[in-house]
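This is what each chain is made of:
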Amino acid sequence: MRLNILFGGKAGQGANEIAELVGEILTEKGYYVFNYRDYGSLIRGGHNYNILCISNKPIASHDWQVDILLALDDRTLKEHKQNLKKDTKIIKLDKDFGKATNMAYAATLLCYLGIDKEILIKKIKQKYDKKWWKIDIEAAGAGYCLKDRIKLEKSDNKGKILMSGGKSVALAAKQSGLNFYFAYPMTPATSVLHELAGMQDNNLVVWQSGNEIEAVNAALGASFAGKLSMTGTSGGGFDLMSESLSFQGISEIPLTVYLASRPGPGTGVPTYSMQQDINVTLYAGHGEFPRIVAIPGDPEEAMILTNQALSLAEKFNTLSIILSDKHLAESEFTLESLPNIQPIKINRKIPGKSNQIIKASSYEHLSNGDTTESAEQTIIGMNRRNAKLENIKKEMQKIKTYKIHGNKDSNKLFISAGSTKGAILDYIKQNNYKFLQLLYISPFPDITAELNKAKEIIVVETNSTAQLAQLIKQQTTKPIKSILKYNARPFTPGDIK
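A short tour of the structure in this document, coming up. (Residues numbered from 1 in each chain as written. Predicted model: local features only at pLDDT ≥ 70, side-chain atom pairs only at ≥ 80, totals over all residues. Heavy atoms only, no water.)

1. So, the overall build of the protein
Within the protein, the regular secondary structure consists of 17 helices and 19 strands. A compact globule built from 497 residues should have a C-alpha radius of gyration of about 23 Å, and the protein, at 24 Å, falls within 12% of that. Along the first, second and third principal axes, the C-alpha atoms of the protein reach 85 × 55 × 40 Å. Across the 497 residues of the protein, 57% fall into the buried class. Restricting to contacts in the protein with at least 6 residues of sequence separation, those with at least 24 account for 74%. (Helix = DSSP H or I, 4+ residues; strand = E, 2+ residues; numbered from the N terminus. Rg over C-alpha atoms; globule rule 2.2 N^0.38 Å. Buried < 20%, exposed > 50% of the residue type's maximum accessible area, 1.4 Å probe, protein only. Contact = heavy atoms within 4.5 Å.)

In structure tokens form, the structure reads like this:
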């Protein structure tokens, strides 16, 4: 069983709220859910929609063709004519319930799916302020009006957790022992700022800075003072941080950056998703210095890799970047469980807590922090920093830097990284292919053995210049095919087919 439900309306009408509410109820009922968000950069008006895909088996993507359409306005019917099947169920209510209209739509859909009304009422009381209960419950009662219903197949799901990539990064950072998070709001990175703001306590301070330059420098300052610190942004903000990334490289103050990329250049398509920032994570900042770049493909990996990125930055006094995008950051996935996150201990010398002066400098320096312009000491400093990369590689032999999915004996090899994972996984379930998913792109894993076994290599990514494929070509002389999508929308299994 796999159903795609599209919720559409104007910004402010609550399409996302309905999708989230229904997704939570279905997850708690034991179904697997994937919730895709599509919206323009308007606070009111325009056209927003969600596609909620539900199944009784694990899923990690949506499809463009929909089985059920909830139209909160007439434009939704016009916009999605091409998404309809011959038997698509269309739900459009004649009555306006004011602020509770979205609750009436949720009720009508749940009625059609055969979900009891009392389950919705219980969820309303759990999720919303008491002052809205009366009108929400009245609208829900009116929404349970359909006589025709379907019966969902029984699910084998034992998990009851609905998570987005952004929420997972925030949760992992908090559980890792994060002390400071500095960020200036920028879609789609803002979700981590909001999630962490709700987790503040005596050990965690979340600060909305005046701009991205302030955010990264504050994170460096807090890190120098011995606090586990992190900053986050999207592509344009990351550009502003570049000089400070270079400062990190020579000062050797641990720094972790969450980069949720979006289409560029410039403002680009600000509320949509592409993987155009692979190269910038590898090369941003002048000069030469090592860095770690992790690229999770789902919320579970986002938690694990966030914890690892923070830990590696601390252990090697280096730069760690967690590369995500809007599709991963804001989509919601059903997880069967959450990974265990280990708190991170700071073992370096801290100013004011050591019997010696602790220095950090933007200048070339000796091992004690004193500045130098000596030719010999410049070589020593460069060699010391470059040697970290080899030590990081040795450390990363203890963790997974890539995964193999699908038919491990197939000689047709898909390779990808990040948010394309879900669509590829759902596609190869019906096909006899192997899928190599990269979890890190710096240091780049040694995948030559897998490349050598393959007769056909296909790299899937959402950009126009095959940035990931160019990295892979450095490890093989075999021809590489690319499946590229760069209309700012994510892959679905149908797109790959």
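Back to the write-up after that little detour.
2. Re the pattern of salt bridges
Scanning the model with the defined rule gives 30 salt bridges in all. Where Lys89 meets Asp148, a salt bridge forms, and the shortest distance between an N and an O atom there is 3.0 Å. With Lys89 in strand β5 (residues 84–91) and Asp148 in the loop between α5 (133–143) and β6 (161–164), this pair connects stretches of sequence that are 59 residues apart. For Asp148, a relative accessible area of 36% gives the class partly exposed. In this structure, Lys421 engages Glu301 in a salt bridge whose closest nitrogen and oxygen atoms are separated by 2.6 Å. (Salt bridge = Lys/Arg side-chain N within 4 Å of Asp/Glu carboxyl O.)

3. Observations concerning unusual backbone geometry
Residue Gly264 is joined to Pro265 through a cis peptide bond whose omega torsion reads -5 degrees. In this structure, Pro265 sits in the loop between β10 (255–261) and α10 (278–283). Of the consecutive residues Ser442 and Pro443, the connecting peptide bond is found in the cis state with omega at -10 degrees. Tracing the chain through its elements places Pro443 in the loop between β17 (440–442) and α15 (448–453). Not every positive phi belongs to a glycine, and Glu252 is a case in point at roughly 60 degrees. Inspection of the secondary structure puts Glu252 in the loop between α9 (235–251) and β10. Unlike most non-glycine residues, Ala466 shows phi in positive territory, near 55 degrees. Mapped onto the fold, Ala466 is located in the loop between β18 (456–461) and α16 (467–472). A relative accessible area of 10% means that Ala466 is categorised as buried.

4. Overview of helix α14 (residues 421–428)
In terms of burial, α14 is largely enclosed, as 7 of its 8 residues are buried. Among all positions of α14, only Lys421, Gly422, Ala423, Ile424, Asp426, Tyr427 and Ile428 are buried.

5. Some details on α5
Asp136, Ala139, Ala140 and Gly143 are the residues of α5 that are buried. Across the axial projection of α5, the buried residues extend over an arc of 100 degrees, all falling on one side. Residues of α5 that are buried in the fold lie against α3 (101–112) and α4 (117–127). (Arc of directions from axis to C-beta.)

6. Here we look at the sheet that holds strand β19 (residues 480–484)
One open sheet holds the 5 strands; their spatial order is β14-β16-β15-β18-β19, and the pairing between them is mixed. Each end of this open sheet is capped by a strand with a single partner; those strands are β14 (402–406) and β19. Sheet twist, expressed as the mean angle between neighbouring strand axes with direction ignored, is 25 degrees. Two elements, strand β15 (residues 412–417) and strand β16 (residues 434–438), share 5 bridges in a ladder whose sense is parallel. Along β16, the bridge assignment pairs Ala417 with Leu438. (Pairing = 2+ DSSP bridges. Axes fitted to C-alpha atoms, helices over the stretch in contact; angles between N-to-C directions.)

7. Regarding the nonpolar core
Membership of the largest hydrophobic core comes to 43 residues, with the highest contact counts inside it found for Leu178, Tyr181, Val192, Leu196, Met230, Tyr258 and Leu310. Residue contributions to this core peak at 5 residues, all from helix α6 (residues 165–175). In contact with Tyr258, other than residues within four places in its own chain, are Gly166, Val169, Tyr181, Ala189, Val192, Met230, Thr231, Gly232, Thr233, Ile322, Ser324 and Ala329. Core analysis: the second largest hydrophobic core is formed by 40 residues, Phe7, Leu21, Val22 and Ile115 among them. (Core = buried A, V, L, I, M, F, W, Y, C linked by side-chain atoms within 4.5 Å.)

8. Comments concerning the pairing of β18
Among the 6 residues in β18, 5 count as buried, and that is most of the element. For β15 and β18, the ladder comprises 4 bridges, and the chain directions are parallel. Within β18, the residue paired with Phe414 across the bridge is Ile458. Crossover handedness for the path β18 to α16 to β19: right-handed. (Right-handed = clockwise from strand over helix to strand, strands pointing away.)

9. A look at the sheet that holds strand β7 (residues 180–183)
Pairing is mixed across the open sheet formed by 7 strands, whose spatial order is β8-β7-β9-β10-β12-β11-β17. Every other strand in the sheet has two partners, leaving β8 (205–208) and β17 as the edge strands with one partner each. Direction aside, neighbouring strands of the sheet carry axes that sit 20 degrees apart on average. The strands that helix α8 (residues 212–224) touches are β7, β8, β9 (229–233) and β10; relative to β9, the one it contacts most, it runs at about 165 degrees. Sheet strands touched by helix α11 (residues 299–316): β9, β10, β11 (291–294), β12 (319–325) and β17. Its angle to β12, the strand with the most contacts, is close to 160 degrees.

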